Every structure is written in structure tokens, then in C-alpha cells.
Amino acid sequence: MLLLRNALILDGTGSPPYRGSMLVSQGRIVSIGDLPIPSDADQLDLHGMALSPGFIDLHSHSDLKVLENRREKSDQGITTEVVGNCGFSPYPCGSHAALLADQNEGILNGPTSWPGAAAYLAQARRDSRLVHIESLVGHGALRTAISGPDASSPEPLHLDSLEAALDTALSEGAIGLSTGLMYAPGSQAPFAELEALCHIVARHNKLYTTHMRSYSWQLIEALEEQIELARRTGCRLQISHLQAVGRDNWPKQQHALALIEQAHAEGIDIAFDCYPYLAGSTVLTQLLPQATLKDGLPGLLTLLRDPTTRARLEQTLQHETAQRWDDIFISSLTTPANRSLIGQHLQTIAEARRCSPPAAVIDLLLEESGKVNIVAFNQSESNLHALLTHPLSSIITDGFYVAERPHPRLAGAFPTFLGEFVRRRNCLSLAAAIHKITAAPASRLGLKDRGNLTPGSIADLTIFDPATIGTTATFESPSLPPHGVHLVIKGQFLLPKSSSLLDNRGILPSGSPLAHARVTHRTTPETPGELHYER
Ligand SMILES: [Zn+2]
């Protein structure tokens, strides 16, 4: 048993914080409040630090990286991560594993071989020591599993097989379905296909999350389509990373929020999420019509080499790109010759090359075999404020790994939210903010024993200092770790990072604010590096 005492308790509900203690045992919360000290419990005096449910990242792309036990998420206080977003999941593979890996390129990056949700979840949960894993099955992955190289053709798919594959994934433990309707092959799906799939999600009472067909010129039409899907099928709808992309489209966000509020008032189970940054991050091919990717990256390169097609695509890029060219930065590419372009925006690159920005985009794709990642400054401060403070929003990282400069949200989204937007700018109360990264996402996911601090719940806990939590990670140096997160407890384990609280042998260092606490640590052979608090 472990007594965490002298804590500022934020229970996840959004209620005001209060001082108290919490008793945990065998990885579960036993009691909470003004507790006596049991004689057989170890104690940790939190010296007034905040104690909240472990943070839940509703939207991540760490599907393959969670197997490597990377620290970016747990260092932020995250104890549960939901992968499989935006139509990308590393299963089901069937006979098209190589093709699936190719389609996931730029977002997931790595080989994949899991036949289904059960196999993936079994390995992810066995290998991932730092976070709990939940996975959505990706609609793009389902399409590829059923139709292979024809997944992006405009011909109708074998809808029966697609429905059966989704039903299997949900039965095997996938927590919902994600679509990525701006990415091939999901972008080819007609409404009727999505409607059939959402009926299945509704029958399983799981979550349907969507990266919609547009966040820029067609934001409103794209949102109306998703609301209509939920209205017709009764599925629980989560609009992923809501935003209005491009200056000309910024005014549309208010309309979008009004549509969401109306749908909610109508009784549709709808909510949305957002990350606390003005910039987004994706692959450079996102700027192109997704039909150009129907034969994968090799097919795209063939198209780009054809002078007539190239000229037409340059026109499309010039007229359709919602961001300004100096708002789009290169974050990763593969050839040594172009390394100096990382961190530069497309306007500068085009000027240096004495060509138009659309021509520079196409040249870069050809030089890099299509494998280029970008960071793009998409939205306005006032729009971001409206999203972060909206009662229907959850906050996410949307983090994914790229070789060179990942978006700083990967390592810093939640500390940025709590440090910059809660403490420094005072956009919302600390209790309301914690709700958006604990109980709110848990409720969207249907996780009953996480995201709250009620007795019986899993003792996933984040202990942080509200006065210092934050990060120095920037777009130039995105991998700097956050500060102010002092201890993360995942069930029975004190996670080893824990900065000022524990040294790398698991001992409380003498300078720690909690140095007088009496906790027994040991590293178990099954979980090397983890610190067990039960004796
Ligand atoms: Zn997305």
C-alpha cells in the first residue's frame, strides 16, 4: 500500500481542487480524502503538488513506437495512449502487409505484420511498459486489407468484406474506427460505405473518429457529412483535430462549432479534439489531390514525371493550397543533398531554386521519392483559444515520429497546454484543463476505470507542479523534455523518469522536494527499469 499525502487533488471531473490524501494498493485506488495513515503503508508526501488521473492521449500515431518504450508520452504525464488514428493502423495485414506499410509511410514508418486487432493489441500491451494502449482500427488499413492494390480505385469495394473486417476488429478489442478522408485510400470512400461502417460501430457502441475530407475550403461540407453519418447511424462521433486551415478559412471555424453545438443539442453524441498549437504536421503529399496516390508513391512519381500532369498539378497547388507558402516548413526528408532544407519554408526554397513554390513542391517530391514531412502554420490564435476552451473539446498530442524534426507536440503537447494556456494565459481553470485530458477522453472512449480518481479505479496517476509544468521544446528543438511533471504512476509502477523525485536507480535523491518520503522500490526482472511500490 502507498499513501500519497498532502496532495492538491484534481479528480478529473472539473470540480475545484482540494487538499487530501490517496491510498493505493495493488494498482488500484483504495480511498481518497482526509485519510488517516495506515501503519503498514508507505508514504509519499507530495508537498502540495497536484495529483490527477494519469493523462489520456485520445489521438496519437505512436502505433509502432509504443513497442520501443519511447519516453515522449510518459514524460508528459500520459498513461494511456490511443493509436490507430486518421485511418492509419498497422493491422489488419492479410496478404498486403508491404502495401499497408507503404501507405502508412510518413505517419507510422515501419514494417507491419499483425493479422488483426487482437494480435496487435496483445503485443503492444505486452511490450509497452510505460503507457496503456488502446487502438482504433484504421479505415484505410481495412480498405487495403480487402482490396490490396485496388483500395484506392474509384470502383466500389467489396462492402460485405469490409464490414466483416471491421466487425472482427471491433470484436477483437479495437476501441473504435478511425477514418482519414484526406488520405488515400480512405479518401476514395463514398458516403454509403462510411454509413455502412458507422452502423457497425454503433452496434458495438464504440467510437467513430474522423480526420474529415477537408479542414479548409470545404470544412463546413465535410463536417456536415460527418454529422449526417452520426445522425443516420447513431454512432458516437469524434471530430479529430478540429481547426480551420488557412487565413481565408479562419472565419469558418465559428460556423463549424455552431454546427457541432446544434448536433449535440439534437442528441447526437458528438465531440471533438484539438492540439494546443497553431501549426499542424503531416506529409507533403497532403497538398496534392489524393487521387494522385491511388497507385501509391511509385504511381505518384510516375505521374509527376509526366509534363502535362505536372503542369496541371502545379496549377492545382497554386489555387487549392489553403496556407501561404511561407507558412509551410519542411520537417523531414531523406536525401543528404537536401538536408539543409529542413526547417526552411517553401517560399524560401522556391526563391533559392528560382522556381514557383508549386514547382518546388513537385521537385522535392521527385527528389525525395515522395517522402517529405511538413509542419504548417494553419490557424489563428483566437480560433485556437475557442477550441481549447470549448466544453466539447478534449486535448490531444496528435504526435508522430519523423526522422528529423517532429512537431513539438509529440514531446510537449500536454505541458504546453497546462503551462502556456492554463497558467500563463489563464485561458481556463486548471481543473477544467485536467478534465480535458483525463475524464473527458475516458468518457469518449468508454473507459470506466481510468480518467477519474474514484475508489476501485486503476491507479494511473500524474503528480506535477502547476506552478512550473511546461516545456522548452520548440519547432527548432522539438525533442527537449518537459519539466514540472514529477512522478507518473501507472497502476503498480512508479515510472522511472520522475525527474526530481527518483534517481536512475529508483532512489529519491537527497535534493528532491520529496526526499523524506519513505517508499520501497525494486526493479522486477519482468519489468526491468520499472519501480514497484508494493512490498
Ligand atoms: Zn489526422
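To be clear, the structure that these remarks concern was listed above.
Quantities reported herein were computed from a predicted structural model and do not represent experimental measurements.

Asker: Even after reading the chapter, I still don't get the environment of Leu 142, so can you show me in this structure?
Answerer: With respect to the secondary-structure elements, Leu 142 resides in helix 3 (residues 139–147). Under the C-beta neighbour-count criterion, Leu 142 is labelled buried, with 29 such atoms within 10 Å. Separated by 229 residues in sequence, Leu 142 and Lys 371 have C-alpha atoms that sit 23 Å apart. Contacts of Leu 142, omitting those with residues within four sequence positions, involve Val 137, Leu 162, Ala 165 and Leu 166.

Asker: So what exactly am I meant to see when it comes to the packing of helix 4 (residues 159–171) against helix 5 (residues 191–203) here?
Answerer: The relative placement of two packed helices is expressed as an angle between their axes plus a distance between the axes. Orientation of helix 4 relative to helix 5, taken along the N-to-C sense of each, is 30°, at an axis distance of 10 Å. With respect to helix 5, the element helix 4 is oriented roughly parallel. In this structure, helix 4 crosses over helix 5, and the sense of that crossing is right-handed. Residues Leu 159, Leu 162, Glu 163, Leu 166, Asp 167 and Leu 170 of helix 4 form the contact with helix 5, whose own contacting residues are Glu 193, Ala 196, Leu 197 and Ile 200. Partitioning the contact of helix 4 with helix 5 into residue classes produces seven nonpolar, no polar and three charged.

Asker: What is the right way to read the pairing of strand 1 (residues 2–9) from this model?
Answerer: Put simply, side chains in a regular strand alternate between the two faces of the sheet. With seven of eight residues buried, strand 1 is to be regarded as a mostly interior element. By the bridge criterion, four bridges tie strand 1 to strand 4 (residues 42–45) in an arrangement that is parallel. When the sheet's bridge partners are listed, Leu 3 is paired in strand 4 with Gln 43. As defined by bridge partners, strand 1 adjoins strand 2 (residues 18–25) across six bridges and the pair is classed as antiparallel. From the neighbouring strand, Ala 7 faces strand 2, where its bridge partner is Gly 20. Examined bridge by bridge, strand 1 and strand 5 (residues 50–53) share two bridges and lie parallel to one another. When the sheet's bridge partners are listed, Ile 9 is paired in strand 5 with Leu 51.

Asker: Looking at this model, I keep getting lost on the pairing of strand 15 (residues 373–377). Mind explaining?
Answerer: Most of strand 15 is tucked away, with four of its five residues classed as buried. Note: strand 14 (residues 328–332) against strand 15, four bridges, orientation antiparallel. Bridge assignment links Ile 330 to a residue of strand 15, and that residue is Ile 374.

Asker: How do you make sense of helix 4 when you look at a structure like this?
Answerer: At 3.6 residues per turn, the α-helix brings residues three or four places apart onto the same side. With 13 residues, helix 4 should reach 18 Å at 1.5 Å per residue; the first-to-last C-alpha distance of 18 Å fits that figure. Within the span of helix 4, buried status applies to Leu 162, Ala 165, Leu 166, Ala 169 and Leu 170. Angularly, the buried residues of helix 4 cover 130° about the axis, an arc narrow enough to put them on a single face. Exposed side chains of helix 4 directed beyond 90 degrees from the buried face belong to Asp 160 and Ser 171. Of the surrounding elements, those touching the buried residues of helix 4 are helix 2 (117–127), strand 8 (132–138), helix 3, strand 9 (176–180) and helix 5. Downstream of helix 4 by one or two residues, Gly 173 has phi in the positive range, about 120°.

Parameters at a glance
Position numbers for residues start from 1 in each chain and track the written sequence from start to end. The predicted origin of the model limits local features to residues at a pLDDT of at least 70 and limits the giving and counting of side-chain atom pairs to 80 or more, whereas totals for whole chains, interfaces and linings rest on all residues. Strands here are runs of E lasting at least two residues and helices are runs of H or I lasting at least four, both read from the DSSP assignment and numbered beginning at the N terminus. Buried means a residue has 20 or more other C-beta atoms within 10 Å of its own C-beta, exposed means 12 or fewer, and partly exposed covers the counts in between; C-beta atoms are placed from the backbone. Contact definition: two residues whose C-beta atoms, as placed from backbone geometry, lie within 7 Å. All axes are obtained by fitting lines to C-alpha atoms, using only the stretch in contact for helices, and the reported angles, taken between N-to-C directions, cover 0 to 180 degrees. Small angles under 35 degrees read as roughly parallel and large ones over 145 as roughly antiparallel, with 65 to 115 read as roughly perpendicular and the rest as oblique. We call a crossing left-handed when the near helix sits turned anticlockwise from the far one by less than a right angle, and right-handed when that turn is clockwise. As a working rule, the residues Ala, Val, Leu, Ile, Met, Phe, Trp, Tyr, Cys and Pro are called nonpolar, Asp, Glu, Lys and Arg charged, and the rest polar, with Gly in that last group. In this description, strands pair whenever DSSP reports at least two bridges between them. Helix span, expected: 1.5 Å multiplied by one less than the number of residues in the helix. Arc definition: it is the arc formed by the directions from the helix axis to the C-beta atoms.

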